[in-house]
Amino acid sequence: MALLSSQHGGNTREAAALYGFEEAQLLDFSANINPLGMPATLKQAIIANLALAERYPDPEYQALHQRLATHHRIAPDWVLAGNGETELIFLLTAWLRPRRALLLTPGFAEYRRALQKTGCEIVDYPLTQANGWQPDDGLLKALTPGLDCLFLCTPNNPTGLLPDEALIMAIARRCGDCGITLIVDEAFLDFVPQAPGLIPFLAELPHVWVLRSLTKFFAIPGLRLGYLACADVRAVAALRAEREPWSINAFAALAGEMLFEDKAYIDATLAWLNQQRPWLYAELAKIAGVTVWPGVANYLFLRCDAPGLDLQAALLAKRILIRSCANYPGLDARYYRVAVKSREANAALVAALKEILPAGNIYSR
Ligand SMILES: Cc1ncc(COP(=O)(O)O)c(C=O)c1O
């Protein structure tokens, strides 16, 4: 049985209660949040604008949509912001009402939950270790006119791997040819600044919806802000008309209007990640009994090869929480995901793993 009931990482309350710790004593590697924390510029702006809570936000969120559109050099009517990307996954799925959808496994759990809510038939397309957990040309063949919808997560959660750009484009075109709506989740793409994503190509791909989240990169999962972009302006307008008013709180809207201006924070984040992810990857790769994949985002996917060892439980006893991937369709209890954190925290994780999996033991690679 799973140690934690939560479908997601970040449930420090449940984990701490299980072991009788204070939540603050846990080192949380289970949620993929920028360890630099919420930008100071945003904190100051929220404090200076507390009075925003005393009136309704603009129901059209014009300034927010304009700012997001400017950031991506697209028209504001291509953009719709949401109370976290999660709201948009559910809103879009309920509006599209697909009859048959293809999901890549392993993948983010909320696509399946949103599709199940609409009664959609779900076809799984397994990514396998043999294929490096990446989609390949086989996916193109699986895209047939009998499908209505495909979710693609780039980079994928939990693997952190980004499919080849040419393949993403081929998938997008194939979906267009087959009448399949493609929903591309780029929640973690801001951590991969060299990857353009699909927003620059949306004009020629009106059947593609790109979803983005600001909660990870800017460390605001409790504030909540995400957005979608699509060149089918009639569809975006229909979705806008469908949604409930004021779902984005005034401070989240303010965040979206200013965060992309904070170049110092963005640069500091990318500098941290460029140092810490390769370091953590290299250290994990050295540990006998651990297989790690070279993710490009702010988290790494790994397998523990020690027979019967519950690595999450063993680390929790040392007050470190990692994400078990046992509940991802297509994976099992050997798989885990860890966030990249500060050097100090990453070193604590590596040291704890070395204690649990001492070198020279029976674990084969
Ligand atoms: C791949 C992926 N997409 C979307 C989300 C949801 O993001 P948000 O916090 O903006 O709702 C998550 C959250 O973990 C995620 O991992």
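In case you missed it, the structure is sitting above this.
Draft legend 1. Inspection of the site of the ligand at higher detail. In the neighbourhood of the ligand, 14 residues make up the surrounding shell, with Thr86, Asp185, Ser213, Lys216 and Arg224 lying closest. About the coverage of the ligand: the protein hides 90% of its 400 Å² of free accessible area. Of the residues assigned to the shell around the ligand, the class counts are five nonpolar, five polar and four charged.

Draft legend 2. Representation of the nonpolar core in the model. By size, the foremost hydrophobic cluster in this structure holds 101 residues, and its most contacted members are Leu198 and Leu311. Residues lining this core come from more than one domain, with at least three contributed by each of domain 1 (12-30 + 264-356) and domain 2 (40-262). When sequence neighbours within four positions are dropped, the list of residues in contact with Leu311 reads Leu302, Cys304, Ile322, Tyr336, Leu353, Ile356 and Leu357. Grouped together as the second largest cluster of nonpolar side chains are 24 residues, Leu103, Cys120, Cys149 and Val236 included.

Draft legend 3. Structural detail: the pairing of strand S13 (residues 335-339). The buried count for S13 comes to five of five residues, which makes it a mostly enclosed element. Of the two faces of S13, the one lined by Tyr335, Arg337 and Ala339 and the one lined by Tyr336 and Val338 are each fully buried. In terms of strand pairing, strand S10 (residues 299-304) meets S13 through five bridges, oriented antiparallel. Across the sheet, Leu300 pairs through a bridge with Val338, a residue of S13. Relative to S13, strand S12 (residues 323-324) runs antiparallel, the two being bridged by two bridges. The partner of Ser324 across the bridge, within S13, is Tyr336.

Draft legend 4. Region of interest: the packing of aromatic side chains. Inspection of every chain in the model, using the stated rule, returns 17 aromatic pairs. Each ring, one from Tyr111 and one from Phe151, has its centre 4.4 Å from the other, and the planes form 15°; the classification is stacked. Placement of Tyr111 in helix H5 (residues 109-117) and of Phe151 in strand S5 (residues 149-153) is noted, with a sequence separation of 40 residues between them. A centroid spacing of 5.5 Å and a plane angle of 85° characterise the contact between Trp133 and Tyr335, whose relative ring orientation is edge-to-face. Taken as a pair, Trp133 in the loop between strand S4 (121-126) and helix H6 (137-142) and Tyr335 in strand S13 lie far apart in primary sequence, 202 residues in all. Accessibility classification places Trp133 together with Tyr335 in one group, the buried group. Aromatic rings pair up to connect Phe188, Phe191, Phe217, Phe218, Phe260, Tyr265 and Tyr299 into one cluster. Above the ring of Tyr299, the side-chain terminus of Arg337 is found at 5.9 Å from the ring centroid. Here the guanidinium or amino end of Lys341 rests over the ring plane of Phe29, the centre of that ring lying 5.6 Å away.

Rules behind the numbers
- Residues numbered from 1 in each chain as written.
- Predicted model: local features only at pLDDT ≥ 70, side-chain atom pairs only at ≥ 80, totals over all residues.
- Heavy atoms only, no water.
- Near = heavy atom within 4 Å.
- Areas by Shrake-Rupley, 256 points an atom, 1.4 Å probe, with all protein chains shown as cover.
- Nonpolar A, V, L, I, M, F, W, Y, C, P; charged D, E, K, R; others polar.
- Core = buried A, V, L, I, M, F, W, Y, C linked by side-chain atoms within 4.5 Å.
- Buried < 20%, exposed > 50% of the residue type's maximum accessible area, 1.4 Å probe, protein only.
- Domains from an automatic or database assignment.
- Contact = heavy atoms within 4.5 Å.
- Helix = DSSP H or I, 4+ residues; strand = E, 2+ residues; numbered from the N terminus.
- Pairing = 2+ DSSP bridges.
- Phe/Tyr/Trp six-rings, centres within 6.5 Å; stacked < 30°, edge-to-face > 60°.
- Lys NZ or Arg CZ within 6 Å of the ring centre and 35° of its normal.

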